[in-house]
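# Chains, contacts and geometry: an overview
So the chains spell out like this:
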Amino acid sequence: PVLFLLEDAGLAYTRGGRDAVTDSSVFAWPRLQDGDIVLSQTVALLAYLGEKGDRQPPAALKHHALKLCLDLADVWSESYAERRKMKTVEEAVAYLGDGGRLSRLLKVVDAMIAACGKGGNFSCGDKPCYVDYFVL
């Protein structure tokens, strides 16, 4: 999602590897360095780059957008962990299928997007904001 936002917003960047990191302030990847600012964690990077690249939600929805993005990160994290535990097709269907936990979580996410988006084409209105890149 970070690269999509960088490219769509026309922000210049260079990619470096993990070997280029000399500080210990990075908890989890990806990592971004912009001058003296060093950030990690996808949601933090998206929110920061959203400001730099005019991909912020409307001011009235700023906190709702952050919550939505963090909820999406939780859904991804839980789904990843659950997939790793699944041993049978039946377990997968129970989690992924209609009425399963993922289906219920995604219905909540859809309701949050509908409430934030107010009928616009994007998660928080009529123009893309950093949350939309997380959904990709």
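Residues numbered from 1 in each chain as written. Predicted model: local features only at pLDDT ≥ 70, side-chain atom pairs only at ≥ 80, totals over all residues. Heavy atoms only, no water.

### Looking at the confidence of the model for the protein chain
To keep it simple, the criterion reads: The pLDDT value expresses, per residue, how confident the predictor is, ranging between 0 and 100. Counting from the N terminus, the helices are DSSP H or I runs at least four residues long and the strands are E runs at least two residues long.
On average, residues of the protein chain carry a pLDDT of 86, and 93% of them reach 70 or more. Looking at the elements of the protein chain, mean pLDDT is at its lowest for helix α5 (residues 101-117), recorded as 85, and at its highest for helix α2 (residues 42-52), recorded as 94.

### What about the environment of Arg 101?
Definition in use: Relative accessibility under 20% of the residue-type maximum defines a buried residue, over 50% an exposed one, and the middle range a partly exposed one, all with a 1.4 Å probe and only protein chains included. The contact criterion used throughout is that any non-hydrogen atoms of two residues lie within 4.5 Å. Two N or O atoms form a polar contact when they lie within 3.5 Å of each other; inside protein one atom must be a possible hydrogen donor and the other a possible acceptor, and for residues adjacent in sequence the pair counts only when both atoms belong to side chains.
Note on placement: Arg 101 falls in helix α5. On the basis of relative accessible area, Arg 101 is assigned to the partly exposed category, the value being 36%. It is 10.0 Å that separates the C-alpha atoms of Arg 101 and Val 75, two residues lying 26 residues apart in sequence. Apart from residues lying up to four places away in sequence, Arg 101 is in contact with Glu 78, Ala 94 and Tyr 95. At 2.8 Å, the side chain of Arg 101 and the side chain of Glu 78 are in polar contact.

### Re the side chain of Arg 55
Here Arg 55 shows up in the loop between α2 and α3 (62-85). According to the relative accessible area criterion, Arg 55 is buried, its value standing at 15%. Here the side chain of Arg 55 touches Gly 53 through a polar contact of 2.9 Å, landing on its backbone oxygen. Here Arg 55 is in contact with Leu 5, Asp 8, Ala 9, Gly 50, Pro 128, Cys 129, Tyr 130 and Tyr 133, once residues within four sequence places are set aside.

### Describing the packing of helix α4 (residues 89-96) against α5
Here is the rule: Note on method: axes are straight lines fitted to C-alpha atoms, helices fitted across the in-contact stretch only, with angles between N-to-C directions ranging 0 to 180 degrees. In what follows, roughly perpendicular refers to angles from 65 to 115 degrees, roughly parallel to angles under 35, roughly antiparallel to angles over 145, and oblique to any angle outside these ranges. Charged residues are taken to be Asp, Glu, Lys and Arg, nonpolar residues to be Ala, Val, Leu, Ile, Met, Phe, Trp, Tyr, Cys and Pro, and polar residues to be all remaining types, Gly included.
One way to put it is that α4 packs onto α5 with a least axis distance of 4 Å and a crossing angle of 20°. With respect to each other, α4 and α5 are oriented roughly parallel. Each of Ala 94, Tyr 95 and Leu 96 in α4 lies in contact with α5, whose residues at this interface are Arg 101, Leu 102, Ser 103 and Leu 105. Considered class by class, the residues forming the contact of α4 with α5 number five nonpolar, one polar and one charged.

### Looking at the pattern of salt bridges
Note on pairing: side chains with opposite charge can pair once their charged atoms come close. The test is simple: Within this document, salt bridges are pairs made up of a side-chain nitrogen of Lys or Arg and a carboxyl oxygen of Asp or Glu, the two lying within 4 Å of each other.
In the structure shown here, the tally under the stated rule is six salt bridges. The salt bridge partner of Lys 52 is Asp 34, with a shortest N-O separation of 2.9 Å. Of the two residues, Lys 52 is situated in helix α2 and Asp 34 in strand β1 (residues 31-34); the sequence distance between them amounts to 18 residues. A salt bridge links Asp 71 to Lys 67; its shortest N-O distance comes to 2.5 Å. Here Asp 71 and its partner Lys 67 are both found in helix α3, four residues apart, which amounts to about one turn of the helix. On the accessibility criterion, Lys 67 (43% relative accessible area) is partly exposed.

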